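Here is how the chains run, residue by residue.
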Amino acid sequence: MSDQYTMEQEEIFSKVMRAGRRTYFFDVRSTKAGDFYLTITESKKFTNDDGSYHYKKHKIYLYKEDFAEFKDTLDEMINYVIDEKGEEVISERHQKDYKKETDEVPVAAEKISENGQTDTSNFTDIEFDDI
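Since we're looking at a predicted model, the values are computed, not measured. (Residues numbered from 1 in each chain as written. Predicted model: local features only at pLDDT ≥ 70, side-chain atom pairs only at ≥ 80, totals over all residues. Heavy atoms only, no water.)

Caption draft 1: Looking closely at the pattern of salt bridges. Considering all chains together, one arrives at 4 salt bridges under this definition. A salt bridge links Asp 35 to Lys 64, with the nearest nitrogen and oxygen atoms 2.7 Å apart. In this pair, Asp 35 sits in the loop between strand E2 (22–30) and strand E3 (36–47) while Lys 64 sits in the loop between strand E4 (53–63) and helix H2 (67–85), placing the two residues 29 residues apart along the sequence. For Asp 35, a relative accessible area of 37% translates into the label partly exposed. (Salt bridge = Lys/Arg side-chain N within 4 Å of Asp/Glu carboxyl O. Helix = DSSP H or I, 4+ residues; strand = E, 2+ residues; numbered from the N terminus. Buried < 20%, exposed > 50% of the residue type's maximum accessible area, 1.4 Å probe, protein only.)

So this is what it looks like as structure tokens:
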């Protein structure tokens, strides 16, 4: 077993953010020494020609000594984009029916449609083995 694999075993606190075909996982983890760090994982669903699907993931590790500078830089970059282009999505490739979700929804929550049926269209089936 690699040290990195062992180091990532203990999740302390986690949040999931769904955004269309992308899902972002924010995980506080513990090092062997008992200190905390953050991983941010983007998982994106791709559909194959035969209808099957697979996920691609990208992960970054963020350590406490970098938190302040990372946060300042992220805030600066976000403010720049919003100041220059506003908050409206203008990409041609973006989903036409995309709506920014304003309320946090628990991962296992069900949404009830107007006709009283369970609506799972906004949920992505994710097997943790795939991530």
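Let's pick the thread back up.
Caption draft 2: View of the pairing of E2. Of the strand pairs in this sheet, strand E1 (residues 11–19) and E2 are connected by 8 bridges, and their pairing is antiparallel. Following the sheet pairing, Phe 13 is matched in E2 by Val 28. The pairing of E2 with E3 spans 9 bridges and is antiparallel. By the bridge assignment for E3, Arg 22 is matched with Lys 44. Counting the residues that bridge the hairpin from E2 to E3 gives 5 residues, and of these Gly 34 lies at a positive phi of roughly 90°. (Pairing = 2+ DSSP bridges.)

Caption draft 3: The side chain of Thr 39, seen in detail. With respect to the element layout, Thr 39 can be found in strand E3. By relative accessible area, which is 0% here, Thr 39 ends up buried. At 3.2 Å, the side chain of Thr 39 forms a polar contact with the side chain of Arg 29. When near neighbours in sequence (up to four residues on either side) are disregarded, Thr 39 contacts Phe 25, Phe 26, Asp 27, Arg 29, Lys 59, Ile 60 and Tyr 61. (Polar contact = N/O pair within 3.5 Å; in protein donor to acceptor, adjacent residues only side chain to side chain. Contact = heavy atoms within 4.5 Å.)

Caption draft 4: Broad picture of the sheet that holds E2. Strand order in the open sheet made by the 4 strands is E1-E2-E3-E4, with antiparallel pairing throughout. Both outer strands of the open sheet, E1 and E4, are each paired with one neighbouring strand and no more. Between one strand and the next, the sheet's axes are offset by a mean angle of 15°, whatever the strand orientation. (Axes fitted to C-alpha atoms, helices over the stretch in contact; angles between N-to-C directions.)

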